Amino acid sequence: MSGIAGSGKSTWIKNNVRYSSWIVSRDAIRKNLIGDESYFSKEKEVFSLFIDAIQKGLDEPNVENIYIDATHINERSRMKVLNALSIPEDSTLNVIWLNTPLTKSLERNELREGFELVPKSAIMRMDSQFEPPTEEEFHRYHFKEINIIEVKE
């Protein structure tokens, strides 16, 4: 998955993913690990657990699809995840990019509470730093396609 905070990644997964799929949410891992601490207080541990959970799904013979629920706003962040994994040769990578207007993401975020509420400035920063996924960046990962979901206002 790729998209700024509030773009609808988690909701899209909830509404479109079949039971035989493996879902790994970086936010869920972070929330379980840090409790009331600062959001990024244990980021190295969060990343390690995130990678471990994805790898476990890759290693499970009965898992048909793995959905990686995190922003992945630029090539560097996407490659950091992919380079940390041992991806089986018979795997195929598809990217689902929720191309959501900033105004819509901010509007959705305003409906969130507590841990899920992202500071407006953080969402605006993500939007300004966002790099659309490209086929070229995934060439060595058995890449199949980028699915762009255009979210309207």
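As the structure is a prediction and not an experimental result, all values here were calculated from the model. (Residues numbered from 1 in each chain as written. Predicted model: local features only at pLDDT ≥ 70, side-chain atom pairs only at ≥ 80, totals over all residues. Heavy atoms only, no water.)

Student: Residue-level account of the nonpolar core, with values.
Tutor: With 11 residues, the main nonpolar core is built from Val24, Ile29, Val46, Phe47, Phe50, Ile51, Ile54, Ile68, Ala70, Val81 and Leu85. At five residues, helix 3 (residues 43-59) tops the list of elements feeding residues into this core. When neighbours within four sequence positions are excluded, isoleucine 68 is seen to be in contact with Met1, Val24, Phe50 and Ile54. (Core = buried A, V, L, I, M, F, W, Y, C linked by side-chain atoms within 4.5 Å. Buried < 20%, exposed > 50% of the residue type's maximum accessible area, 1.4 Å probe, protein only. Helix = DSSP H or I, 4+ residues; strand = E, 2+ residues; numbered from the N terminus. Contact = heavy atoms within 4.5 Å.)

Student: Talk me through the packing of aromatic side chains; I want residue IDs and the actual numbers.
Tutor: Scanning all chains against the criterion turns up three aromatic pairs. Ring geometry for tryptophan 97 versus phenylalanine 130: centroids 5.6 Å apart, planes at 25 degrees, classification stacked. Placement of the pair is tryptophan 97 in strand 3 (residues 93-99) and phenylalanine 130 in the loop between helix 6 (120-129) and strand 4 (143-150), with a sequence separation of 33 residues. Phenylalanine 130 carries the same exposure label as tryptophan 97, and that label is buried. Relative to phenylalanine 143, the ring of phenylalanine 138 lies with its centre 5.5 Å away and its plane at 15 degrees, an arrangement referred to as stacked. Neither residue differs from the other here; phenylalanine 138 and phenylalanine 143 are each classed as buried. Over the ring of phenylalanine 50 we find arginine 26; its NZ or CZ atom is 5.2 Å from the centre of that ring. Here the guanidinium or amino end of lysine 80 rests over the ring plane of phenylalanine 47, the centre of that ring lying 4.5 Å away. (Phe/Tyr/Trp six-rings, centres within 6.5 Å; stacked < 30°, edge-to-face > 60°. Lys NZ or Arg CZ within 6 Å of the ring centre and 35° of its normal.)

Student: Quick one: what's the story with the environment of leucine 82, residue by residue and with numbers?
Tutor: Structurally, leucine 82 is set in helix 4 (residues 75-83). Separated by 37 residues in sequence, leucine 82 and glutamate 45 have C-alpha atoms that sit 17 Å apart. Once residues within four sequence positions are removed from consideration, leucine 82 is found in contact with Ile87, Leu93, Phe138 and Tyr141.

Student: I'd like a description of the pairing of strand 3, backed by residues and values.
Tutor: Among the seven residues that make up strand 3, five are buried, leaving the element largely enclosed by the rest of the structure. Here strand 3 runs beside strand 4; their pairing, made up of seven bridges, is parallel. Across the sheet, the residue bridging to tryptophan 97 is isoleucine 148, located in strand 4. (Pairing = 2+ DSSP bridges.)

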